[in-house]
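# Structure at a glance
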Amino acid sequence: MHKKLWNKDYILMLQGSAVSAIGDILYSVAIGYWVYEKTGSSTLMGIMSSISMFMTMFVMPFSGTVIDKCDRKGIIVGMDALRGVIMLAVGGLAFADRLSVPVVLTAAFLASACAVFFNPAVSTLMIDIIPHDDMVRGQSVSSGVSTLLNLVGKALSGTLVAFFGVPLIIAINGASYLFSAFTELFITVPKTKQQGEQVTVKGVLKDFGIAVREIMHDRFLKLFVPCALILNLLGAGPMALMLPFVLEKGFTVDMYGYLMSVETAASLICVCLLGVIKLKPRHRYYALSIGFLSSGFFYIAAYLAENYAALCTLLFLGNFANTLGNSIFNASLMLALPEENRGGILSFVMAASTGGSALSAVLFGILCDIFPVYLVFTAGNVLTILPMVYLCLHKNMREFILNN
């Protein structure tokens, strides 16, 4: 591949994802605050957060094989446009004071159904439009742009929700999706090897079986998939329940927004550094291992902290380290996937990872209604230490990073 990193398609995909990302951040804070204020239930918040993840877990392994055969541009534009319409409808109900928990859950279900087709289509497209020797830098820049907007959105989210109200924030999210869909119309999307083949239930199941067999026969992937499920099950729950955690500590909603912006700033700084610095394979492996292993200890210390400044500092360090490990691993994974069945395999891997997060959100939500939130968060991260050590020190992980 001889094209430059900053080509037209890459820039359009970046700005389209970025605009909808900031709308999503504002919406997630607004709707989470609305649900918690109406119900006061951590379990319900966990269920709401897990809907999209369960959809990913059960549907995405099959959606990837559909994407391999269909026009990815049509999927990307169509799913963004549909989500825009859904969010505008929810915003209209909120303006009319007719919004209810069942409506919010239904909207989350429909939007997540769009996401299970949109996300794999974008992931496989990014592999085609980023030069392969610039994959880490390209992925880091992409993450950095979204993270920068997330930083601004999260820092201002509490204030914006209080000032503008939940209905307007939801409407802004819908408008951001429609804008992204319009700009994505101008992206040139290469055809896949299977594009144009007829999509049938039998064919989808066959491709799903092929993806599963390839994962089971690949000594790297059969290590990563169960580890991803276990690690996310044990450690991902706090992401969905950070608001109850912050309120339990005696802090305000505004302080919650600032805390989220601190976490986002950590990710932004990390991906910016990776976007500038080109690491050698050996250095990538060491950076990945240090990042993954140290993040757990930073998170544990953060959940036990009582001082707000200490909490912010420790979550900053934990998120920086976690982003470092994930960015390097994801870039290597993208390059290692075979082109002919890339969507199916990538979707299965994403489903395993997200499935663990979905189960974690529900489990943590139930436990946090029974025990103090900080103790549940701490116990979960303590349990991640051993499987994380096993994964990072495994010879297959080292070989995988060195060769990709």
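We now turn to the structure provided with this report.

Quick notes on the rules
Residues numbered from 1 in each chain as written. Predicted model: local features only at pLDDT ≥ 70, side-chain atom pairs only at ≥ 80, totals over all residues. Heavy atoms only, no water. Helix = DSSP H or I, 4+ residues; strand = E, 2+ residues; numbered from the N terminus. Buried < 20%, exposed > 50% of the residue type's maximum accessible area, 1.4 Å probe, protein only. Contact = heavy atoms within 4.5 Å. Axes fitted to C-alpha atoms, helices over the stretch in contact; angles between N-to-C directions. Parallel < 35°, antiparallel > 145°, perpendicular 65-115°, else oblique. Left-handed = near helix turned anticlockwise from the far one by under 90°. Nonpolar A, V, L, I, M, F, W, Y, C, P; charged D, E, K, R; others polar. Core = buried A, V, L, I, M, F, W, Y, C linked by side-chain atoms within 4.5 Å. Patch = residues over 30% accessible without salt bridge, like charges linked within 9 Å, V, L, I, M, F, W, Y side chains within 5 Å. Areas by Shrake-Rupley, 256 points an atom, 1.4 Å probe, with all protein chains shown as cover. Salt bridge = Lys/Arg side-chain N within 4 Å of Asp/Glu carboxyl O.

## Here we look at the side chain of T378
- Summarising the element assignment, T378 is placed in helix α15 (residues 373-393).
- Residue T378 is classed as buried on the basis of its relative accessible area of 11%.
- Ignoring sequence-local partners within four residues, the contact set of T378 consists of I300, Y303 and L304.

## Quick notes on the packing of helix α1 (residues 8-39) against helix α6 (residues 166-184)
- The N-to-C vectors of α1 and α6 enclose an angle of 160 degrees; their axes lie 8 Å apart at closest approach. Taken together, the axes of α1 and α6 are roughly antiparallel relative to one another. The way α1 lies across α6 gives a crossing that is left-handed.
- Residues belonging to the contact of α1 with α6 are distributed by class as follows: 13 nonpolar, eight polar and two charged.

## Notes on the nonpolar core
- Formed by 50 residues in total, the largest nonpolar core has its most connected members in L99, I170, M242, F245, L259 and F377.
- It is α1 that provides the largest number of residues to this core, a total of seven residues.
- Apart from the residues within four sequence positions on either side, L259 is in contact with M242, V246, Y308, L311, C312 and L315.
- Counting residues in each nonpolar core, the second largest holds 28 residues, with A211, I215, V349 and I401 among its members.

## Here's the deal with the side chain of S112
- Its location among the elements puts S112 in helix α4 (residues 101-129).
- For S112, a relative accessible area of 3% gives the class buried.

## Some remarks on the environment of V66
- Mapped onto the fold, V66 is located in helix α2 (residues 42-69).
- Under the relative-accessibility criterion, V66 is labelled buried at 18%.

## Some words on a nonpolar patch on the surface
- A cluster of nonpolar side chains, namely I269, L273, V276 and I277, defines an oily patch on the protein surface of about 370 Å² accessible area.
- Relative to the elements of secondary structure, I269 occurs in helix α11 (residues 253-276).

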